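Here is what each chain is made of, one letter per residue.
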Number of protein chains: 2
Amino acid sequence: MSTPLLLGSLMEALRCLPGVGLKSAQRMAFHLLQRDRSGGMRLAQSLTQAMSNIGHCVSCRTFTEEKSCTVCVNPYRQKNGQICVVESPADVHAIEQTGQFSGRYFVLMGRLSPLDGIGPTDIGLDLLASRLASETFSEVILATNPTVEGDATARYIGGICQQYRVPASRIAHGVPVGGELEMVDGTTLSHSLIGRQRLIY
Amino acid sequence: MSTPLLLGSLMEALRCLPGVGLKSAQRMAFHLLQRDRSGGMRLAQSLTQAMSNIGHCVSCRTFTEEKSCTVCVNPYRQKNGQICVVESPADVHAIEQTGQFSGRYFVLMGRLSPLDGIGPTDIGLDLLASRLASETFSEVILATNPTVEGDATARYIGGICQQYRVPASRIAHGVPVGGELEMVDGTTLSHSLIGRQRLIY
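It should be emphasised that the depicted structure is a prediction, and the values quoted were computed from it without experimental measurement.

Thresholds applied
Residues numbered from 1 in each chain as written. Chains lettered and ligands numbered in written order. Predicted model: local features only at pLDDT ≥ 70, side-chain atom pairs only at ≥ 80, totals over all residues. Heavy atoms only, no water. Pairing = 2+ DSSP bridges. Helix = DSSP H or I, 4+ residues; strand = E, 2+ residues; numbered from the N terminus. Axes fitted to C-alpha atoms, helices over the stretch in contact; angles between N-to-C directions. Contact = heavy atoms within 4.5 Å. Buried area = accessible area lost by both parts, 1.4 Å probe. Salt bridge = Lys/Arg side-chain N within 4 Å of Asp/Glu carboxyl O. Polar contact = N/O pair within 3.5 Å; in protein donor to acceptor, adjacent residues only side chain to side chain. Buried < 20%, exposed > 50% of the residue type's maximum accessible area, 1.4 Å probe, protein only. UniProt positions renumbered as here; feature names shortened; annotations may be inferred. Phe/Tyr/Trp six-rings, centres within 6.5 Å; stacked < 30°, edge-to-face > 60°. Right-handed = clockwise from strand over helix to strand, strands pointing away. Least-squares fit on C-alpha atoms with pLDDT ≥ 70 in both.

Caption draft 1: Representation of the sheet that holds strand E5 (residues 139-142) of chain B in the model. Residues and elements named next belong to chain B. Taking strand neighbours across the sheet as the criterion, the four strands line up as E4-E3-E5-E6 in an open arrangement whose pairing is parallel. At either end of the open sheet lies a strand with only one pairing partner, and these are strand E4 (104-107) and strand E6 (168-170). Within the sheet, the average angular offset between the axes of one strand and its neighbour, ignoring direction, is 25°. Here helix H6 (residues 89-98) sits on the sheet and contacts strand E3 (82-86) and E4; the angle it forms with E4, its principal contact strand, is near 155°. Across the face of the sheet, helix H8 (residues 148-163) comes into contact with E3, E5 and E6 while running at roughly 165° to E6.

See below:
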């Protein structure tokens, strides 16, 4: 084979990206070399900076390059009193993009999973408990994923909230907006029936 | 929005990769930060090295970090006498992976396209002509893409070969192996009929 050493190792390195296999990696490497070397250099710099400088916020555990993230230091967000518990920083990103939530977040960086040895302290629930004890919150919104483990995690955190007398709520499960009823799976459909809301005129 | 500055610029930088849009870039950035920081650092290093050190082979114009590529300096390849003309280094990679060809290559790094102002010297045909004049080749295999421009380029190079009295051939066009006849377009099917080969027992 005639692949130059550096080209081969670039192809190999690109495969660490999710969803990138052998063929995509080849295509990416050749594209960058042939058409966008400056883009490749910029990407290398961004990667280096992000990988070495992005850490976790001391109060909510999301990604930030500072000590605290921009949401946690925002006084309007603090006044709001709501705190939304999510599994990952990507979920924070998704909720922020809806523009529907103006409280603070708490990022678990995972979910309870006893079989994998992931217990309450591994997902920072000691930190959450100490925040519930020291700060005043009007509501804890549990926005973990609608999976078996995500539901169990939400239920567990609900117990902690009850202990500190903070109202807790779970995000609604149901038919996705714009979806077709016949395409939706049975479990989701029964959730959407159980969680039905009265129309108010 | 609460995206940290470095995270935002990483997402933006990832979009220089072909086939990576906003959502994929987000997913890649979060994946690297959460699960594979060392992979991200390795990728950054590979990118920097590849972008700054990979150049073009002086005799065949393919990608290499040396003065000449491994194919051009290989004495067995030189003895073979065949030279395969392709549009891009990715084509060299594809042909090398078949294991069917043991001659040398010439990479055009493009194709003739008068409307875009790409003429013979832009795709290195002066270099190819001087090689045809100075070296001895048994055959020039024209493996440009089966497009209008690729065909025109092959025909043009065929003319140069005739000038230097070197036999030239064009790769076969036809039904892809494993494909179904009814799914193949008409032009390909007529090519496969015109280029039919007698069965020999």
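Caption draft 2: How the structure looks around the interface of chain A and chain B. Opposite the 54 residues of chain A that make contact, chain B presents 54 residues. Roughly 5200 Å² is buried in total at the junction of chain A and chain B, and carbon and sulfur atoms are behind 72% of that figure. At the junction of chain A with chain B, the criterion picks out zero salt bridges. In this structure, the connection of chain A to chain B is made through nine residue pairs in polar contact (both at pLDDT 80 or more).

Caption draft 3: A look at the pattern of salt bridges. Residues and elements named next belong to chain A. Scanning the entire structure with this criterion turns up 10 salt bridges over all chains. Put simply, glutamate 96 and arginine 77 hold a salt bridge, and the shortest N to O gap is 2.8 Å. One end of the pair, glutamate 96, is in helix H6 (residues 89-98); the other, arginine 77, is in helix H5 (residues 75-80), and 19 residues separate them in sequence. For the pair glutamate 96 and arginine 77, one class covers both residues: buried. Counted as one network, the salt bridges with shared partners bring together Arg104, Arg131 and Glu135.

Caption draft 4: Layout of the UniProt feature "zinc finger region: C4-type" (unreviewed entry) in chain A. Here, the residues flagged by UniProt with the feature "zinc finger region: C4-type" (unreviewed entry) are residues 57-72 of chain A. The distance from the first to the last C-alpha atom of residues 57-72 of chain A is 8 Å, and the span holds 19% helix and 12% strand.

Caption draft 5: Inspection of the packing of aromatic side chains at higher detail. This model, assessed by the stated rule, comprises four aromatic pairs over all chains. Ring plane angle 15° and centroid distance 6.3 Å describe the contact between phenylalanine 30 of chain A and phenylalanine 63 of chain B, whose orientation is recorded as stacked. One end of the pair, phenylalanine 30 of chain A, is in helix H2 (residues 22-35); the other, phenylalanine 63 of chain B, is in strand E2 (residues 63-64), on a second chain. With a relative accessible area of 3%, phenylalanine 63 of chain B lands in the buried category.

Caption draft 6: Molecular detail of the pairing of E4 of chain B. Residue and element names in this part refer to chain B. Across the two faces of E4 the burial is the same, with Arg104 and Phe106 and Tyr105 and Val107 all buried. By the bridge criterion, four bridges tie E3 to E4 in an arrangement that is parallel. Bridge assignment links cysteine 84 to a residue of E4, and that residue is tyrosine 105. Remark: the E3/H6/E4 crossover connection has right-handed handedness.

Caption draft 7: Structural context of the relation of the copies chain A and chain B. Structural alignment of chain A on chain B gives an RMSD of 0.1 Å, achieved by rotating through 180° and translating 0.0 Å along the axis. Taken together, the rotation and translation describe the operation of a two-fold axis. Across chain A, the smallest distance between a C-alpha and the rotation axis is recorded for alanine 44 of chain A, namely 2.1 Å. Interface overlap between copies is the fraction of interface residues in one copy that are interface residues in the other; for chain A against chain B it reaches 100%, indicating a shared surface.

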